[in-house]
Amino acid sequence: LVSSTQESPITLIEDLLWEDIDTNGNISVNYQETRTNIVLHSQDVTDAEAWTKQNISIDSTLYDAPNDTNTANAIKSSGTGEQVYKITQTSLSVTAGKTYTLSVHVKKENLGFARIYFSDGAAKKADFNLTTGAVGSTSNTIRTQVDAMDDGWFRCSMTFVATSTISSGQVRFSALAADGDNTPSVAVSGIVLIYVWGFQLEE
């Protein structure tokens, strides 16, 4: 038989890892890896049991998040002058020699830089420019990445190898005025410094 129209070939794969071909002719993967987020209350940094605040307040008002839901938090100043403005979560478990990625979605407001940090006895950290999307200073990471998203959001991540097997690991997030500036000077209390959404720490 000779066809009067030219058709694109279709490849069929008899494998449980693959799903059907979609309307664009693409074959999609059916296999899904089990993933566990070690961070607790990862989309609710108002939770007082999970998150400790230093010189900041986080009210109950929610803001537009990168997934088009009103679930993002605003980190506000609760003091003035040169201060450390951060949130911390402790009692996180990691295993020495295993590789982990810590990430969060961030959007600037009155401060335009952010730091993500993990400690298991040795500090792993990375600073991010929330205007340009550039990675700044880093320490003990094997990879950093910034993904630009809509409406000024960035997904900032760092990958590291755990130094110790520990159940008291700490995740920290700091709002910065510049790369490496751990104590920005904020003149007004109660203003939004930065927006955060969706913390993740995964092996």
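Look above for the structure.
What counts and how
- Residues numbered from 1 in each chain as written.
- Predicted model: local features only at pLDDT ≥ 70, side-chain atom pairs only at ≥ 80, totals over all residues.
- Heavy atoms only, no water.
- Helix = DSSP H or I, 4+ residues; strand = E, 2+ residues; numbered from the N terminus.
- Buried < 20%, exposed > 50% of the residue type's maximum accessible area, 1.4 Å probe, protein only.
- Contact = heavy atoms within 4.5 Å.
- Areas by Shrake-Rupley, 256 points an atom, 1.4 Å probe, with all protein chains shown as cover.
- Pairing = 2+ DSSP bridges.
- Phe/Tyr/Trp six-rings, centres within 6.5 Å; stacked < 30°, edge-to-face > 60°.
- Salt bridge = Lys/Arg side-chain N within 4 Å of Asp/Glu carboxyl O.

J.: For this particular structure, what's the right way to read the overall build of the chain?
T.: Within the chain, the regular secondary structure consists of zero helices and 17 strands. Expressed as a percentage of its 203 residues, the buried residues of the chain come to 36%. In the chain, once contacts between residues fewer than 6 apart in sequence are set aside, the share between residues at least 24 apart is 65%. Working note: accessible area of the chain is about 11,300 Å², and carbon and sulfur atoms make up 45% of it.

J.: Would you take a moment to explain the pairing of strand E17 (residues 192–202) for this structure?
T.: Residues in a regular strand point their side chains to alternate faces of the sheet. Of all eleven residues in E17, ten are buried; the element is thus mostly enclosed. As paired strands, strand E9 (residues 99–108) and E17 are joined by seven bridges and run antiparallel to one another. Bridge pairing links Leu 102 to Leu 201 in E17.

J.: Which parts of the structure should I look at to understand the packing of aromatic side chains?
T.: How two aromatic rings sit relative to each other is set out by the distance from centre to centre and by the angle between their planes. For the structure on display, the rule yields five aromatic pairs. Their ring planes at 25° and their centres at 6.1 Å tell us that Tyr 100 and Phe 160 sit as a pair that is stacked. Of this pair, Tyr 100 sits in strand E9 while Phe 160 sits in strand E14 (residues 154–161); the two residues are 60 residues apart in sequence, bridging distant segments of the chain. A connected cluster of aromatic rings, assembled from ring pairs, spans Trp 51, Phe 173 and Phe 199.

J.: Quick question: what am I supposed to make of the pattern of salt bridges here?
T.: Pairing is possible between side chains that carry opposite charge, provided their charged atoms lie close to one another. Counted under the stated rule, the structure contains six salt bridges. Ionic pairing is found between Arg 115 and Asp 127, a salt bridge with its closest N-O pair at 2.6 Å. Of the two residues, Arg 115 is situated in strand E10 (residues 113–119) and Asp 127 in strand E11 (residues 123–129); the sequence distance between them amounts to twelve residues. Accessibility classification places Arg 115 together with Asp 127 in one group, the buried group. Between Arg 155 and Asp 147 there is a salt bridge; the shortest N-O distance is 3.9 Å.

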